[in-house]
Amino acid sequence: MFALFLFTATSIFAQTIEGVVQDETGPLPGATVQEKGTKNGVTTDFDGKFSLKLNNPKGAIVVSFVGMEKKEVSYDISATDVYVVGNIILVVDENVLDEIVITQVSFAIDRKTPVAVSTIKADIIEHKLGSQEFPEILKSTPGVYATKSGGGFGDGKLTMRGFNSENVAVMINGVPVNDMENGRVYWSNWAGLSDVTSAMQVQRGLGASKVAVPAIGGTVNILSKTTDINRGGSIFFGTGNDGYQKIGATVSTGLMDNGFAATVSAFKTTGNGYVDGTEFKGFNYFINISKQINDNHKISFTTFGAPQRHGQRQNMSLISRYRNAESGNKFNPDWGIKNGQVTHIEDNFYHKTQTSLNHYWSISDKTTLSTALYASFGTGGGGGTAGTNRDLFQVRIGGDDQPVDLDNIVDINRANGDQGLGSEAFLRASRNDHTWFGLLSTFKTDLTDNLALVAGLDLRTYTGKHFREVTDLLGGDYVFDDSDVNNPNRALQVGDKFSYNNDGEVGWQGVFTQLEYDLDKLNVFVAASVSNTSYKRVDYFQYTDNDPLGETDKYNFLGYSIKGGANYNLNDYHNIFANIGYFEKAANFGTVFQQFDNEHINEDAENQKIFSVELGYGFRGEKLAGNINVYRTAWNDRTLTQGIQNPDGTFSTANILGVNAIHQGVEFDFMYKAFDRLTLTGMLSLGDWTWENDVLGVEIYDEEQNLIDVVDLYIAGLKVSESAQTTAALGLDWEILEKTHFTVDYNYFGNLYAQYDPNDRGTEGGAQAWEAPDYATFDAGLRYNFKIGSFDTTLLGIVNNVFDTEYIADARDGAGSVSDTALVWFGFGRTFSVSAKIRF
């Protein structure tokens, strides 16, 4: 009787429903499938497949995914043990996305938002990133050039359509993260972000972001994971070349009876680094707690960060120096040996947190209000050398390609100490701590069935604390310093500040609005934003405590943008779109305070002026999807200044106007599902990015209108540097066996010009910068999904640069603009990583 009871119970509760969840591009891993009215649910595997044991023989399942419209599927399993529903297709829904993310992150919607866009989902990041830098996941995206820069952990660099990070907006959950003073993005601050990313979207050009952000080249929207609806988690372990080790875990409570849900994730990454002297250790954490108060209100608390420390290769070298180095392209001049231990001369250490409290309010069926209060705290900086005799750092253990002999400096400094003298050479850190608070609120209402109004407020306040501190006296007892007028002739110890000590205070007040028209096949939007940026500088070293010059006034700079676009779906397969926009970007902090004091202030810094237009076409078929677009961006009055000496011997700064550049090109990408188990992807990007005109006869006057100088810049036709203007990619994902996938990615990069300063092209016939050789790399991966008991498990192996191709990824122009004088960073040779992930 007992056996019969077990058999009957098993039969009753063994009834399951099976299917495959997809979006417009294919299988959708990580989607939630839940039995309606219960907490019974599962998530789809890497092929989008699911199998859910049911509590009720009749009912419905609800299928959902971040940023997708939920779908409800009815079932009746009374007459069978297994009910197969087939393919379930989810589509992107802006309202659902807003509710999950809380803030208006402005994700573009396929065949609706009129911008050139590429979306990378969490499974692609997990399958292809491996031990690469986070921006490198975008290297197969049209118009994007991503490198490792010097090769240190987190030192990745990204440019888009020829624009550097100062002109590419990066947003995490709708919150801008570009530095408030200089606009740059420091990817080392977000080294662990890939572990908690649910989707990453690149909008090229002006983009669809409603917030006033510096999106000249484009916008990168990163959407972090939210709280999982189901209880469970995962454990991860990875290893790779050069001692790379990564371990971590994620745990979720699932939605509890009290309406709360929480997800916690933590990882640790260590390694020796591919490049000499770039050992690293990093941690990252993520916490999300959500509460569904009622049908109209939801709150969410999120905090994440990635404290890390790593050695850097800060300085480029001549190609000949690499050729003669024992370690070849891994050579790094910026490290040494002290007491038998590796010591980083150039390093980076930082911990930046981002914490937000979000509230989503569904006021009515037509009106919503989403608000985010956020705070970011950063502490850390970068290491380097200091002292009265820094030539000592050129003394190496053996030849020019060997580590710096730091023990030699220790001996000299100790001898100086015996004579009552301080350290001749020592190590320091340039600190850049900050506090950042913000409010981002977005109101949306449907004016009619076809017309919606979006309006919002963007407030930010930021204080950056900049100073240098002693980190290692290298055997000395102290070092003399007189940089602080309030405390001259100090004997510095480790931890003391020197050289400079100042605060940069930045304020931001912005408003934005957008009208969205949606009628059948036509979608149109018009958007405008206005922002005021204020800068103030406080100096603690150059002015006495009672000197009014120690603190400047606030200087305000107004920026604005207006843009619009339309998408028209010709039919179920074809669509066309266009967008146009103009905006003026306010000067950054460094342009206003160029001479690092409170007296020489460039309070008339000119706005940069940007005009952009784009046309595009898209095709969505059963097996083939593709996009092609052409763009032209005119960048006028690019920030360019020159220091001048006045007749009285003082120095000042002059704005050089009329420096214009044209960024134009064609981009194409496609995805072809050859058959159920084989998918091909590819892209081609042809850029033509040049300085448009010579700037001749610019007369520079002093404050008394005396002619000081006449500036000539011969830059017409010179190529914009630091980014490959021609890129291409081909990819293959082949399920060679059940749950076993083999991937190959080919990437080509060409027309990469060495970095140069247009100010240096002051003679007629200014030379074109040296063009680095074109190069191509292959990456390959193999993943196998299986079960350990009831736990889904994935084994993943990735090899980057399979054929160990030698290439120059970054370069700085030298005398004569030839290869012999160019300073370069070589890219990485062959690297690999192997990992396992177990889900429970």
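Below, the structure is looked at part by part.

The rules behind each value
Residues numbered from 1 in each chain as written. Predicted model: local features only at pLDDT ≥ 70, side-chain atom pairs only at ≥ 80, totals over all residues. Heavy atoms only, no water. Pairing = 2+ DSSP bridges. Helix = DSSP H or I, 4+ residues; strand = E, 2+ residues; numbered from the N terminus. Contact = heavy atoms within 4.5 Å. Axes fitted to C-alpha atoms, helices over the stretch in contact; angles between N-to-C directions. Buried < 20%, exposed > 50% of the residue type's maximum accessible area, 1.4 Å probe, protein only. Core = buried A, V, L, I, M, F, W, Y, C linked by side-chain atoms within 4.5 Å. Phe/Tyr/Trp six-rings, centres within 6.5 Å; stacked < 30°, edge-to-face > 60°. Lys, Arg positive; Asp, Glu negative; His and termini not counted. Salt bridge = Lys/Arg side-chain N within 4 Å of Asp/Glu carboxyl O. Polar contact = N/O pair within 3.5 Å; in protein donor to acceptor, adjacent residues only side chain to side chain. Patch = residues over 30% accessible without salt bridge, like charges linked within 9 Å, V, L, I, M, F, W, Y side chains within 5 Å. Areas by Shrake-Rupley, 256 points an atom, 1.4 Å probe, with all protein chains shown as cover.

The subject of this paragraph is the sheet that holds strand β27 (residues 404–405). Ordered by their spatial adjacency, three strands build an open sheet running β24-β23-β27, and the pairing between neighbours is mixed. Each edge of the open sheet is held by one strand with a lone partner, namely β24 (341–344) and β27. In this structure, strand β23 (residues 335–338) lies alongside β27, joined through two bridges in parallel fashion. Paired with Ile 337 across the two strands is Asp 405, which belongs to β27. Along the sheet, helix α5 (residues 406–418) contacts β23, β24 and β27; its crossing angle with β23, the most-contacted strand, is approximately 60°.

Even without a glycine there, the phi angle at Asn 751 is positive, about 55°. A positive phi is found at Asp 804, a non-glycine position, where the angle reads about 55°. By the secondary structure assignment, Asp 804 is in the loop between β49 (791–800) and β50 (808–812). Residue Asp 804 is classed as partly exposed on the basis of its relative accessible area, which comes to 41%.

All right, on to the nonpolar core then. One broad rule of soluble globular proteins: the nonpolar side chains tend to lie buried together. Core analysis: the largest hydrophobic core is formed by 24 residues, its most contacted members being Phe 134, Leu 138, Leu 193, Met 200, Val 220 and Ile 222. Only β11 (157–160), β12 (168–172), β14 (197–204) and β15 (218–224) provide two or more residues apiece to this core. Of the residues forming this core, the biggest block, three residues, is contributed by β12. The residues contacting Ile 222, other than those within four sequence positions of it, are Phe 134, Val 170, Met 171, Ile 172, Asn 173, Trp 187, Leu 193, Thr 197, Ala 199 and Met 200.

Strand order in the open sheet formed by four strands is β4-β3-β6-β7, with antiparallel pairing between adjacent strands. Edge positions in the open sheet fall to β4 (41–43) and β7 (71–76), since each of these has one partner strand only. Neighbour-to-neighbour, the strand axes of this sheet turn through a mean angle of 20°, independent of strand direction.

What follows deals with the packing of aromatic side chains. Each aromatic ring pair is specified by the distance between its two centres and by the angle formed by the two planes. One pass over the structure, following the stated rule, counts 26 aromatic pairs. Ring plane angle 55° and centroid distance 5.9 Å describe the contact between Trp 190 and Phe 304, whose orientation is recorded as tilted. Taken together, the residues span a long stretch of sequence, with Trp 190 in the loop between β13 (175–176) and β14 and Phe 304 in strand β20 (residues 297–305) at a distance of 114 residues. Relative to Phe 803, the ring of Phe 778 has its centre 5.3 Å away and its plane inclined at 85°; by these criteria the two rings are edge-to-face. Of this pair, Phe 778 sits in strand β48 (residues 775–788) while Phe 803 is found in the loop between β49 and β50, placing the two residues 25 residues apart along the sequence. Aromatic ring contacts, followed pair by pair, group Tyr 535, Tyr 555, Phe 557, Phe 589 and Phe 593 into a single cluster.

Right, let's talk about the side chain of Glu 181 for a bit. Checked against the element boundaries, Glu 181 lands in the loop between β13 and β14. The buried charged residue Glu 181 lacks any salt bridge, with Arg 537 as its nearest oppositely charged partner at 7.8 Å. Here the side chain of Glu 181 touches Tyr 462 through a polar contact of 3.3 Å, side chain to side chain.

All right, on to the pattern of salt bridges then. Here the structure, examined in full by the defined rule, presents 34 salt bridges. We note a salt bridge from Lys 787 to Asp 792, for which the minimum N-O separation is 2.6 Å. Using a relative accessible area of 31% as the deciding quantity, one classes Asp 792 as partly exposed. Salt bridges here are not isolated pairs; linked through shared partners, they connect Arg 161, Arg 204, Glu 614 and Glu 667.

Strand direction decides the pairing type here: β48 and β49, joined by nine bridges, are antiparallel. Across the sheet, the residue bridging to Leu 782 is Gly 797, located in β49. If you look at the hairpin formed by β48 and β49, you'll find two residues sitting between the two strands, and Gly 789 has a positive phi there, around 65°. Bridging between β49 and strand β52 (residues 831–839) involves eight bridges; their strand directions are antiparallel. Residue pairing across strands places Leu 796 opposite Ser 835, the latter belonging to β52.

Further remarks concern the environment of Tyr 186. Mapped onto the fold, Tyr 186 is located in the loop between β13 and β14. A polar atom in the side chain of Tyr 186 sits 3.1 Å from the side chain of Asn 182.

Checked against the element boundaries, Thr 777 lands in strand β48. Setting aside residues no more than four positions away along its own chain, Thr 777 makes contact with Asp 745, Tyr 746, Asn 747, Asn 801 and Tyr 807.

Okay, a nonpolar patch on the surface next. Together, Leu 615, Ile 628, Val 630, Val 666, Phe 668, Leu 684 and Leu 686 give the surface a local cluster of nonpolar side chains, amounting to about 530 Å² of exposed area. The set of elements that each furnish at least two residues to the nonpolar patch consists of β37 (624–636), β40 (661–675) and β41 (678–691). Its location among the elements puts Val 666 in strand β40.

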